[in-house]
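Below, each chain spelled out in residue letters.
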Amino acid sequence: RGLVDRVVKTSDTDQDPGVLLLNEALDLAWQMARNGPIALRAAKQAVNEGLFAPTLQDALNIEKSCYDQILTTSDRLEGLAAFAEKRTFF
């Protein structure tokens, strides 16, 4: 998935567009919350800090630093196992 992977169509419904958008955002948040909390925190940190990095190389260094933080965690190992076994993270 990318940074933008959903578009909420509001023209074909009588529902409030804000409610439709909120429901879609909450659905995405729940999907993300089911992943490993350490990896999710590191990904969020990489995006938040990388967004303001002065160069692409600086942003990539931030991303690598965040990834390095999770390399030895049980979250990473569980995530890899869950992916290999085609099951959800627990």
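Refer to the structure printed above.
These remarks concern the structure in this document.

Criteria and cut-off values
- Residues numbered from 1 in each chain as written.
- Predicted model: local features only at pLDDT ≥ 70, side-chain atom pairs only at ≥ 80, totals over all residues.
- Heavy atoms only, no water.
- Helix = DSSP H or I, 4+ residues; strand = E, 2+ residues; numbered from the N terminus.
- Buried < 20%, exposed > 50% of the residue type's maximum accessible area, 1.4 Å probe, protein only.
- Patch = residues over 30% accessible without salt bridge, like charges linked within 9 Å, V, L, I, M, F, W, Y side chains within 5 Å.
- Areas by Shrake-Rupley, 256 points an atom, 1.4 Å probe, with all protein chains shown as cover.
- Salt bridge = Lys/Arg side-chain N within 4 Å of Asp/Glu carboxyl O.
- Lys, Arg positive; Asp, Glu negative; His and termini not counted.
- Contact = heavy atoms within 4.5 Å.

With respect to unusual backbone geometry
Here lysine 86, not a glycine, exhibits a phi torsion of approximately 55°, which is positive. Within the secondary structure layout, lysine 86 lies in the segment after α4 (74–84). Given a relative accessible area of 77%, lysine 86 falls into the exposed group.

Remarks on a nonpolar patch on the surface
Taken together, Leu22, Leu26 and Trp30 make up a surface patch of nonpolar side chains, about 350 Å² in accessible area. Note that leucine 22 resides in helix α1 (residues 17–33).

Looking at the side chain of aspartate 75
Here aspartate 75 shows up in helix α4. One buried charged residue, aspartate 75, remains without a salt bridge, the closest side chain of opposite sign being arginine 41 at 7.0 Å. When near neighbours in sequence (up to four residues on either side) are disregarded, aspartate 75 contacts Gly36, Pro37, Ile38, Ala39 and Phe89.

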